[in-house]
Amino acid sequence: MQKVLVVGGGKGGSAIIKMLDETQFLSVYAVVDRNENAEGMVLAREKGISTGLDWREFLDETTDIVIEVTG
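Residues numbered from 1 in each chain as written. Predicted model: local features only at pLDDT ≥ 70, side-chain atom pairs only at ≥ 80, totals over all residues. Heavy atoms only, no water.

*Asks:* Looking at this structure, how should I read the nonpolar core?
*Replies:* In globular proteins that are soluble, nonpolar side chains generally tend to be buried together. Judged by nonpolar contacts, the single largest core of 13 residues is most densely connected at Val-4, Val-6, Ile-17, Leu-20, Val-28, Val-31 and Ile-49. Where this core is concerned, the elements lending two or more residues are β1 (2-7), α1 (11-21), β2 (26-32) and α2 (39-46). Excluding residues that lie within four positions of it along the chain, Ile-49 makes contacts with Ile-17, Val-28, Tyr-29, Ala-30, Val-31 and Ala-44. Membership of the second largest hydrophobic core comes to 6 residues, among which are Leu-5, Val-7, Tyr-29 and Phe-58. (Core = buried A, V, L, I, M, F, W, Y, C linked by side-chain atoms within 4.5 Å. Buried < 20%, exposed > 50% of the residue type's maximum accessible area, 1.4 Å probe, protein only. Helix = DSSP H or I, 4+ residues; strand = E, 2+ residues; numbered from the N terminus. Contact = heavy atoms within 4.5 Å.)

Below, the structure written as structure tokens:
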């Protein structure tokens, strides 16, 4: 399973989380947004996905895909 970092926790990030949650081969492991109360950040926390304010703290050699949806 490939690990996905989602940058942007608004409506776009929320949609990506929901879509990837239905796949068998991609897993969102972290969502990042400046607004801790953004829709996607709340959804991520409900699903047990790590959240943060800075994408750099999550980016490492185990990250397979970064999806940027900040607009």
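Now that the structure is up, let's keep going.
*Asks:* Sorry if this is basic, but what is going on with the packing of aromatic side chains here?
*Replies:* Within a pair of aromatic rings, the relevant descriptors are the distance that separates the centres and the angle that separates the planes. Under the definition given, this model contains 0 aromatic pairs. Here Lys-3 stacks its cationic end above the ring of Tyr-29, 4.3 Å away from the centre of that ring. (Phe/Tyr/Trp six-rings, centres within 6.5 Å; stacked < 30°, edge-to-face > 60°. Lys NZ or Arg CZ within 6 Å of the ring centre and 35° of its normal.)

*Asks:* Please explain the pairing of β2 as it appears in this structure.
*Replies:* Within a regular strand, the side chains alternate between the two sheet faces. Among the 7 residues that make up β2, 6 are buried, leaving the element largely enclosed by the rest of the structure. Bridge count for β1 against β2 is 6 bridges, and the pairing is parallel. Bridge pairing in β2 links Val-6 to Val-31. Of the pairings in the sheet, the one linking β2 to strand β3 (residues 50-52) comprises 3 bridges and is parallel in character. Looking across to β3, one finds that Val-32 is bridged to Gly-52. Read from β2 through α2 to β3, the crossover connection turns out right-handed. (Pairing = 2+ DSSP bridges. Right-handed = clockwise from strand over helix to strand, strands pointing away.)

*Asks:* Mind showing me how you'd approach the packing of α1 against α2 here?
*Replies:* How two helices pack is summed up by the angle between their axes together with the distance between the axes. Relative to each other, α1 and α2 sit at 30°, their axes nearing to 7 Å. Classified by the angle their axes make, α1 and α2 are roughly parallel. In contact with Lys-11, Ser-14, Ile-17 and Lys-18 of α1, α2 contributes Glu-39, Gly-40, Leu-43 and Ala-44. When the residues that make up the contact of α1 with α2 are grouped by side-chain class, the tally is 3 nonpolar, 2 polar and 3 charged. (Axes fitted to C-alpha atoms, helices over the stretch in contact; angles between N-to-C directions. Parallel < 35°, antiparallel > 145°, perpendicular 65-115°, else oblique. Nonpolar A, V, L, I, M, F, W, Y, C, P; charged D, E, K, R; others polar.)

*Asks:* Any chance you could explain the pattern of salt bridges here in plain terms?
*Replies:* Two side chains with opposite charge may pair up if their charged atoms get near one another. Using the criterion set out here, one finds 2 salt bridges in the structure. Lys-47 is the partner of Asp-21 in a salt bridge, and the nearest nitrogen-oxygen pair spans 2.9 Å. Here Asp-21, found in helix α1, pairs with Lys-47, found in the loop between α2 and β3; they are 26 residues apart in sequence, far enough to count as distant. Accessibility expressed as a relative area gives 49% for Asp-21, which makes it partly exposed. By relative accessible area, which is 40% here, Lys-47 ends up partly exposed. (Salt bridge = Lys/Arg side-chain N within 4 Å of Asp/Glu carboxyl O.)

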